[in-house]
Each structure stands twice: as C-alpha cells, then as structure tokens.
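A structural walkthrough
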Amino acid sequence: MGKNQDSSSQAATQTAPWPKALAKACEGAHGLAALSLAAGLYLTWWGAFHEAGRLYLHLLSSAIPYSGQASCLARTAGLCLGAALAYLLFRTPRDAAKLRRALPWFLGAQLLITVAFWYSIVGLRSPYAAVGLHLLASATVAPAATLWLVRLSRYPIRHVYLALLLCFGSYAVFSGLVFSCGLSLASPFVYGSVQAVFFASAVLLLRRSERLHDPLESTPRGAPTVSDQKGPAPLIAHLMLFGIVLGMTHALTAGFSHGASAELPILAGLLLAVVAFAISYLRKRSTDDVWPKIRAVAYPLAITGFLLLPVMREISAIPLSLTECALAYYNMLFALGCIVVIKNTDLVGTEVCAWGLFWKNLGMVAGSTAGFLLSGVLTSLSSAFSFASTAAFLALTAGAFWVGNAKTISKIWGLRRESTPRYHFDQVVHKKCELLREQHLLTARETEVLELLARGRRVEQITGDLGISIATTRTHVRNLYTKLDAHCAADIDALIRGIKIADADLD
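The paragraphs below set out a description of the structure included in this document. Keep in mind that this is a model prediction, so the values were computed, not measured. (Residues numbered from 1 in each chain as written. Predicted model: local features only at pLDDT ≥ 70, side-chain atom pairs only at ≥ 80, totals over all residues. Heavy atoms only, no water.)

**Some thoughts on the state of the cysteines**
Under the counting rule described, the total for this entry stands at zero disulfides. With no disulfide partner, Cys338 has as its closest neighbouring cysteine sulfur the one in Cys353, 4.6 Å distant. (Disulfide = S-S within 2.5 Å.)

**Some remarks on the environment of Ala200**
As for its position among the elements, Ala200 is in helix H8 (residues 188-211). A residue is classified by how much of its surface remains accessible, and Ala200, at 37% relative accessible area, is partly exposed. Measuring from C-alpha to C-alpha, the distance between Ala200 and Ala38 comes to 9.7 Å, with 162 residues separating the pair along the chain. (Helix = DSSP H or I, 4+ residues; strand = E, 2+ residues; numbered from the N terminus. Buried < 20%, exposed > 50% of the residue type's maximum accessible area, 1.4 Å probe, protein only.)

**A few points about the environment of Ser187**
Its place among the elements puts Ser187 in the loop between helix H7 (157-180) and H8. Judged by relative accessible area, Ser187 falls into the partly exposed class, the value being 35%. As a C-alpha pair, Ser187 and Val122 span 65 residues in sequence and 9.8 Å in three-dimensional space.

**A closer look at unusual backbone geometry**
Phi is positive for Arg125, which is not a glycine, with a value near 50°. When its relative accessible area of 51% is taken as the criterion, Arg125 is described as exposed. For Leu441, which is not glycine, the phi dihedral falls at a positive 55°. Along the chain, the position of Leu441 falls in the loop between helix H16 (421-440) and helix H17 (444-454).

**Re the packing of aromatic side chains**
Taken as a whole, this structure holds twelve aromatic pairs when the rule is applied. Ring centres of Tyr42 and Trp45 lie 5.4 Å apart, and the angle between their planes is 40°; on these two criteria the pair is classed as tilted. Linking Tyr42 with Trp45, this pair stays in helix H3 (residues 29-60), spanning three residues, or about one helical turn. Owing to a relative accessible area of 13%, Tyr42 belongs among the buried residues under this scheme. Accessibility expressed as a relative area gives 1% for Trp45, which makes it buried. Site record: aromatic cluster; members linked through ring pairs are Tyr42, Trp45, Phe49, Phe117, Trp118 and Phe199. The ring of Trp46 carries the charged tip of Arg75 above its face, separated from the ring centre by 5.7 Å. Between the NZ or CZ atom of Lys360 and the centre of the ring of Phe334, over which it lies, the distance is 5.4 Å. (Phe/Tyr/Trp six-rings, centres within 6.5 Å; stacked < 30°, edge-to-face > 60°. Lys NZ or Arg CZ within 6 Å of the ring centre and 35° of its normal.)

**Here we look at the nonpolar core**
In terms of nonpolar packing, the biggest core is built from 113 residues, with Leu152, Leu164, Phe277 and Leu336 touching the most fellow members. If you tally residues by element for this core, the top one is helix H12 (residues 317-344), at 17 residues. Each residue touching Leu164, except ones within four places of it in the same chain, is listed here: Trp148, Leu152, Gly169, Phe277, Met332, Ala335 and Leu336. Counting residues in each nonpolar core, the second largest holds 21 residues, with Cys433, Leu452, Ala454 and Ile499 among its members. (Core = buried A, V, L, I, M, F, W, Y, C linked by side-chain atoms within 4.5 Å. Contact = heavy atoms within 4.5 Å.)

**Concerning helix H5 (residues 93-122)**
Between its first and last C-alpha, H5 extends 43 Å over 30 residues, near the 44 Å set by a 1.5 Å rise per residue. Of all the bends found along H5, the most pronounced is centred on Ala102 and spans about 45°, while Pro104, a proline, follows it within four residues. (Expected span 1.5 Å × (residues − 1). Bend = angle between axes of the 7 residues up to and from the residue.)

**A short note on the side chain of Thr323**
Mapped onto the elements of the fold, Thr323 is located in helix H12. We classify Thr323 as buried; its relative accessible area is 4%. Thr323 has contacts with Thr249, Thr253, Gly305 and Phe306, leaving out every residue within four places of it along the chain.

**Observations regarding the pattern of salt bridges**
Evaluation of the coordinates by the stated rule reveals five salt bridges. Salt-bridge contacts for Arg437 lead to Glu434; the nearest nitrogen and oxygen are separated by 4.0 Å. With Arg437 and Glu434 both in helix H16, this residue pair falls three residues apart, about one helical turn. Between Arg497 and Asp493 there is a salt bridge whose closest N-O contact spans 2.8 Å. One end of the pair, Arg497, and the other, Asp493, are both in helix H20 (residues 489-497), four residues apart, so they sit about a helical turn from each other. According to the relative accessible area criterion, Arg497 is exposed, its value standing at 58%. (Salt bridge = Lys/Arg side-chain N within 4 Å of Asp/Glu carboxyl O.)

What follows is the structure, given as structure tokens:
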C-alpha cells in the first residue's frame, strides 16, 4: 500500500499545477468569483467617483488652484487617513472581527458621502466641500480594502492570482463601458445614478459571497513568529519611495490631460497591467515572490513613463498609459505582497494591510503634492523637471534594487525563515492531506478534520478547534473513514505515513 501511495503522490506532484488549481477553484468558485467581482464593481464606483471629482471640479470653478488635480490629492490623503485609523484601532484578531462587523456602517457612510458629494457640486457648487467629501469617501475605502485583502488571504495562493485578475480585469472592463458610453461628460444626475448602480451591485455581490461555500485554505499551525524582528524600515522606505514617484507621475499626467482625453489612456494602462500580471503569475513555474516582478516590470514602466512626460507632452497618451499601467500593476503586486505576508506569518491581517496602505499612500500624498507644484513650473523652468527626473530615477532604483534585495526583504517580511521542527511537521502533514483531498475528492471541511486527526487531535479537540458541534465532527470523521477506506485512527495514521513528500515540494 505504501508503494502505491508513493507512485500516486509522485504522479500528483508531477501534474501541472494550473489544471489542479482550476479544478479546485471549480469546487467552490462561486464565493471567490462573487468576492472578486464585487471588488471590481466597488473599484469601478470609486474610480468613477474620483473621475467625477477630477472632471466636474475642473469645470466648476477655478477657486482652488489645480482644482481638477485636487481630487487626486484628496483620494490618496483619504486612503492614508483611513489606513492609519484602521491600523490604530484594529490590530488584534478581536479588533479585526469588529472591523468586519463594522463594514456595513462603512458602506452606508460611503453612500451618504456620495449623495452629499453630488449635492455639493450641483446644489452648493462648492469645490471646497466636494474635495473634503472626496477625502472622507477615500478614508472609508481603506478599511474595506483591508478586509478584502484579509479575506482573500484565506484562499490558496493560486486562487489569489485568479481573484486579483478578475478584480482588476472587471474594473477595467466596467470602467471602459462607463467611458465608452460617454457618461463622463453626461449630467451629474446621470453620472451619479450610474455610480449608485455599481455601488449597489458591489454590495449585493459582497453579501452573496459571504453566504457561498469557499474552498478555504487551512494554514499549518505553529508558523514562526516575526515579532522578534527589528522594525521594517527598509520596507517603509520601499513603499514611500515608490509611492512618491507613482504619485508624482500621476499628478503630472493629470495636469497634462483633462476631460475625455485622459480616459482612453487610463483604460489602456489598466488593461496592460492586467495582461502583465497574468503573464507574470499564470505560468507553470511562477512563484509568489513579488520582488523580481517589481524590478522587471513595475520599475521600468514607472521610470519610462516619467521620463517621457516632457518629451511627449503634446501626445501625453503614451506616458499616461505607461504610468497608469505601472500604478495598477504595482497595486496588484502590493495586494499580493500583503496576502503572502499574512499567509506566511502570524501577524494579524488587518494590521499588515492597513500598515502597508498607510505608508504607500503617505508616499503618494507627498508625490502628488510635488507633482502639482512641478506641473506649474514645468513650462517655464525646464531645469526643475530635470532635477525631478534624476530624483525619481534614484528613488525608484533604491526602492527596487537596494531596498528590494530579495534576501533582506524576505527576512523583513517574515518569509522563508528557518522553521521549527513542529512547523516543518505541520507543513508535511498539510501537504499530505492536500494530496489525499485531490485523490479522494474530500471537501474542504473534511480536509481540515483529516489534518487535525493526523496531528493527533481527538474528536472533542477538533470540535473546539473548528467551532462546530461534536455531532458534525463525528459525521465528518465517518465520511473520511468511508472515502479513505479506513476503519480506525490507526488506519488514518498509516495512510498519512505512507505518503512520501520531498522537501522541495513544501511551500
């Protein structure tokens, strides 16, 4: 029997990972698809909200200098503020549960802010009130984004790739539909109604995703802690440096392009980012390491788009597409990086995501401010842009190569650390149970029960670990015995021991 198990495990290991990942996703893909599509609709609402601020503030009044670009600054400043509050208030697992329960209140506040925003434009015609409401709306987006990343971290990493592609891909498609219908130039009532439709659709899909069964991943117990490490100053520097340059380029391109002329390049940049992410992570040998992708894709896109700004100012569509592609691709890498940290450390998910969002958007606030100031003197003082180009090149180089050293960052993020014997044992058991799940068509819950049985847990202990009734636990155990052709715990133990796992196959 052990020899048969060896051959079956080797065959399963040699199979290409993506067919197996897609097969697993089909088992419970409805929840993941609904969650990702809800996020895409939510981003479409927020993107339309931002474009409304950029367009209508520019047309409304010149009372605020760079009134159209003020919405860009309000967006990043609001995200920074919301992330700071989430980090300070929701740093423990119990606080994270409170944040999840508070999500409907955040969504309700966003709806009220949206209505007040349109009233400030149509009724009050006050750009100051509109900018302030834009900042408040963005502040409520940060906790929602944090919760989405935390929930996504519960899925297998291959499913995360698909979820990010579906989220940002649907965001690009829906935004394209809005822009292609000319809604950006329509009346505020029509544009606001379309925003409301996307917002309501996102909320309904989010509620549905919570009721659907998902093939959630059970994380091995005993993961090494990262609390004994020094402060992640290099990681802060990386997020700040990239945030400054990306914020500056976004502000400069926004200053060059107004109205419908900026919509098509922005959409092209989004689509290019989705295609680049798919090429980066849908390959058979792809890994979850984000640093090579930052150096190979995000870095050249960002610096090329920045350097092309003064050269191609009259045809700003090309640098605008490149910079938006760099920004969207980096945001996807940022989301993936947060999820990888959550999965490989014992840090609280809300703390990781809110911390990262704060530093990244703090850099973008500084970069956007510098970009607005630079756009005002670009035509009259070319040396200012030369200085800014040199500074941007050095900042991106430091963030991608000096700060982004793979070995150093892996220690900072708490990944690939030397694990304890207990952690190695749990990883082996987890891998073996995943192989048995594929071979015997076990459900996600049955796999969790099997993994706990393999670790020596009793029925009463499993009941407490999973938070289910003892009758439900016994039902799962009976189903396991039937599917695995076992008669007692000793048979389960022998079956687990008969599977051989090489160290190279462990995550």
